[in-house]
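# Inside the fold
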Protein chains: 2
Amino acid sequence: MSKDGRPDEDGLIARYFRPLATAPGADRLLDDAATYRPPQGFEQVLTTDAIVAGIHFFPEDPPGAVARKALRVNLSDLAAKGAAPAGYLLTIGLTEDWTEDWLSAFCEGLSSDQKEFDISLYGGDTVRTPGPLFVSVTAFGLTPEGRVPRRTKASVGQKLYVTGTIGDAALGLKIRLDDGVRTRWGLNSADAEHLSARYLLPRPRLGAAALVAEYASAAMDISDGLAGDLARMCAASDTGAVLDAGQVPLSPAAKKAVEADPAALSAVLTGGDDYEILAAVDAAKSAAFEAAVAKAGIAFTQIGEIVPAFTGRVRIERGGHPLALDRLAFRHF
Amino acid sequence: MSKDGRPDEDGLIARYFRPLATAPGADRLLDDAATYRPPQGFEQVLTTDAIVAGIHFFPEDPPGAVARKALRVNLSDLAAKGAAPAGYLLTIGLTEDWTEDWLSAFCEGLSSDQKEFDISLYGGDTVRTPGPLFVSVTAFGLTPEGRVPRRTKASVGQKLYVTGTIGDAALGLKIRLDDGVRTRWGLNSADAEHLSARYLLPRPRLGAAALVAEYASAAMDISDGLAGDLARMCAASDTGAVLDAGQVPLSPAAKKAVEADPAALSAVLTGGDDYEILAAVDAAKSAAFEAAVAKAGIAFTQIGEIVPAFTGRVRIERGGHPLALDRLAFRHF
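Residues numbered from 1 in each chain as written. Chains lettered and ligands numbered in written order. Predicted model: local features only at pLDDT ≥ 70, side-chain atom pairs only at ≥ 80, totals over all residues. Heavy atoms only, no water.

## A closer look at the interface of chain B and chain A
- Facing 65 residues of chain B, the contacting portion of chain A comprises 65 residues.
- Taking both partners together, chain B and chain A bury about 5,500 Å²; carbon and sulfur atoms supply 53% of that area.
- Along the contact surface separating chain B from chain A lie twelve salt bridges.
- In this structure, the salt-bridge partner of E145 of chain B is R37 of chain A, at a minimum N-O distance of 2.3 Å.
- Where chain B touches chain A, the interface holds 35 residue pairs in polar contact (both at pLDDT 80 or more).
- Among the secondary structure elements, those contributing two or more residues to the side of chain B that touches chain A are α1 (9-17), β1 (34-36), β2 (42-52), β3 (84-94), β4 (120-128), β5 (134-144), β7 (216-222) and α8 (226-237) of chain B.
- Counting residues per element, the side of chain B that touches chain A draws most heavily on β2 of chain B, at ten residues.
- Grouping the amino acids of the side of chain B that touches chain A by side-chain chemistry returns 28 nonpolar, 18 polar and 19 charged.
- The pairing of strand β2 (residues 42-52) of chain A with β1 of chain B spans three bridges and is antiparallel. By the bridge assignment for β1 of chain B, L46 of chain A is matched with A34 of chain B. (Contact = heavy atoms within 4.5 Å. Buried area = accessible area lost by both parts, 1.4 Å probe. Salt bridge = Lys/Arg side-chain N within 4 Å of Asp/Glu carboxyl O. Polar contact = N/O pair within 3.5 Å; in protein donor to acceptor, adjacent residues only side chain to side chain. Helix = DSSP H or I, 4+ residues; strand = E, 2+ residues; numbered from the N terminus. Nonpolar A, V, L, I, M, F, W, Y, C, P; charged D, E, K, R; others polar. Pairing = 2+ DSSP bridges.)

Right, here's the structure in full:
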């Protein structure tokens, strides 16, 4: 126990983090390191992403939502690589004024997501920072050997698909920053809540991961905006892409916003924080993929296709006509 | 390229981090995730540690040394688990005023250590922070299956050993904070430089890892002070320990300091940043261990033994008499 009545690092680990280390390899966080062995026939997939207060989330966001966002942005990367998540390591930089109430709620958020996604904490580090709170997560999962869909593997003729709906989080952020847009877009409170919730809490599409591993040649999660991330996939694969804006799946709330304010479409296509999966599937496999997706009851919508490389990489069309957007990607750095 | 002339995140990855992603599984950082498969017969060992400017290092430290410290505090954890390092993921939180010169030198530090320790970058995240710079690393390595020495596995009668010399970094930090102590301790500039260098740049004892995996029952790296970390090992194993201060290996510089100022002994035994390995070896194996250590030319010194648990966990003796220290562990949190 430290002088200010709050637990020291060992006490803090024992009280808050030990209950989260459920895997045997985590050895109840009694050690500085954990052990892990992927089962036969699987590859380990590793990813890391950090979030910083005031940059990636609002400092006043509920601590449980902050925890879940930190975890889920990583799980979303795993889902896009066709991986079932297994565990994670977490570093948290706490400010001087941290409270046990805050940390307790933060860990409840982790615990709730661990149960939902069947994962364990495997290790961590707790440090002090004079700056804003930050959370850095390294997550790992398992994909059948040789099946990891790489960004680099898109090729001409492949069909492009996305899970769920696009643009909700970007619109939710706009509402959060300026409540007036809600009225301008003619949204009721349920619409606004839907969009805000999508910004606050990503929904990693882990239910789609197995189908992604089975059918997709290339895949990535959409975190920095559909158009910009698609351009990244094209750059990594040295291809281009045509995106049909009319096919991009929108939630009822996003549809209302786009109908009321055509500028909202730009936010939808280029805003960040979707955490949906973008997948490129061989044309020869697309019928089987669509059948499997329908059978599994997963929303996976065709939105365009891979074409030969050209300057700019991505052409957005609507009704066969090119659509100009003011910027391609949300700049989060 | 961003408006201020510095590269955006993609450009920054391409220019500085891609050359560090030498393993095939890292896919040249073109993806959000890497793949890894431990070879047959090995366990993956995972660890994570972060460092924050102004807390764990001085903001004016050379960027290459900051990078190497961030990496090495993690490699030290791997060494203490008997692991050969394989790779790491790195998150860096850059302040608004970051420069390409700084980042370039930071990455040169990583590159130099990657060559020295034969490891690859497997992924990362670059974020902005309004607060001080931070670096969070998750490192992984390989230990032969079933051989990972756990903190929890110390038992009564085992002999305690440490690598290298203890206390140099803690004394180096004192010199850095108050140059006057150098004169009080009667140190010449070579002594002072030795101690300061040990604070600036940890030396993970990876050369000792294979012997630790082969002989040690319990092991950990000493990062928060020998006495306090030994108490942690005892708490995890529910044992006690007797530490013979007279046996604790000291560098010539640390010897001078302790002779000139008995209070320096407290800093030596309880100060942080040693990054040496503390290992508990079965008495029956200790002769073979000492022979193997001598043959390998590794400094591994016996400093005490594990005894039944008692309140306080660790008794420090010198010449058979108890030695009282004002505090057990460096409080870094």
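## Things to note about the UniProt feature "binding site: Mg(2+) 4" (unreviewed entry) in chain A
- The sites that carry the UniProt feature "binding site: Mg(2+) 4" (unreviewed entry) are, in the present numbering, D32, T47 and D77 of chain A. The largest pairwise C-alpha distance within this set of annotated residues, which runs over 46 residues, is 25.8 Å, so the set is dispersed in three dimensions.
- According to the relative accessible area criterion, T47 of chain A is buried, its value standing at 1%.
- At 3.3 Å, the side chain of T47 of chain A forms a polar contact with the side chain of D77 of chain A.
- Along the chain, the position of D77 of chain A falls in helix α2 (residues 63-80).
- By relative accessible area, D77 of chain A is classed as buried at 3%.
- Once residues within four sequence positions are removed from consideration, D77 of chain A is found in contact with T47, D49 and D221 of chain A together with D32 of chain B. (UniProt positions renumbered as here; feature names shortened; annotations may be inferred. Buried < 20%, exposed > 50% of the residue type's maximum accessible area, 1.4 Å probe, protein only.)

## Observations concerning the domain arrangement of chain A
Residue and element names in this part refer to chain A.
- Along its sequence, chain A is carved into domain 1 (9-144) and domain 2 (151-322).
- Computed over C-alpha atoms only, the centres of domain 1 and domain 2 are separated by 27 Å.
- The interface is formed by 23 residues belonging to domain 1 together with 20 residues belonging to domain 2.
- Of the roughly 1,700 Å² buried where domain 1 meets domain 2, counting both sides, 65% is carbon and sulfur surface.
- The interface formed by domain 1 and domain 2 holds two salt bridges in total. (Domains from an automatic or database assignment.)

## Some words on the environment of A299 of chain A
Residues and elements named next belong to chain A.
- Within the fold, A299 resides in the loop between α11 (283-296) and β10 (300-307).
- Judged by its relative accessible area of 46%, A299 is partly exposed.
- In this structure the C-alpha to C-alpha distance between A299 and A105, which are 194 residues apart in sequence, comes to 32 Å.
- Setting aside residues no more than four positions away along its own chain, A299 makes contact with V162, T163 and G164.

## Description of the sheet that holds β2 of chain A
- Strand order across the open sheet formed by five strands is β4(A)-β3(A)-β5(A)-β2(A)-β1(B), with mixed pairing between neighbours. Each of the sheet's edge strands pairs with one partner strand only, and the pair in question is β4 (120-128) of chain A together with β1 of chain B. Each strand of the sheet is rotated relative to its neighbour by a mean of 20 degrees, with strand direction disregarded.
- As paired strands, strand β3 (residues 84-94) of chain A and β4 of chain A are joined by eight bridges and run parallel to one another. Across the sheet, the residue bridging to G87 of chain A is S120 of chain A, located in β4 of chain A. (Axes fitted to C-alpha atoms, helices over the stretch in contact; angles between N-to-C directions.)

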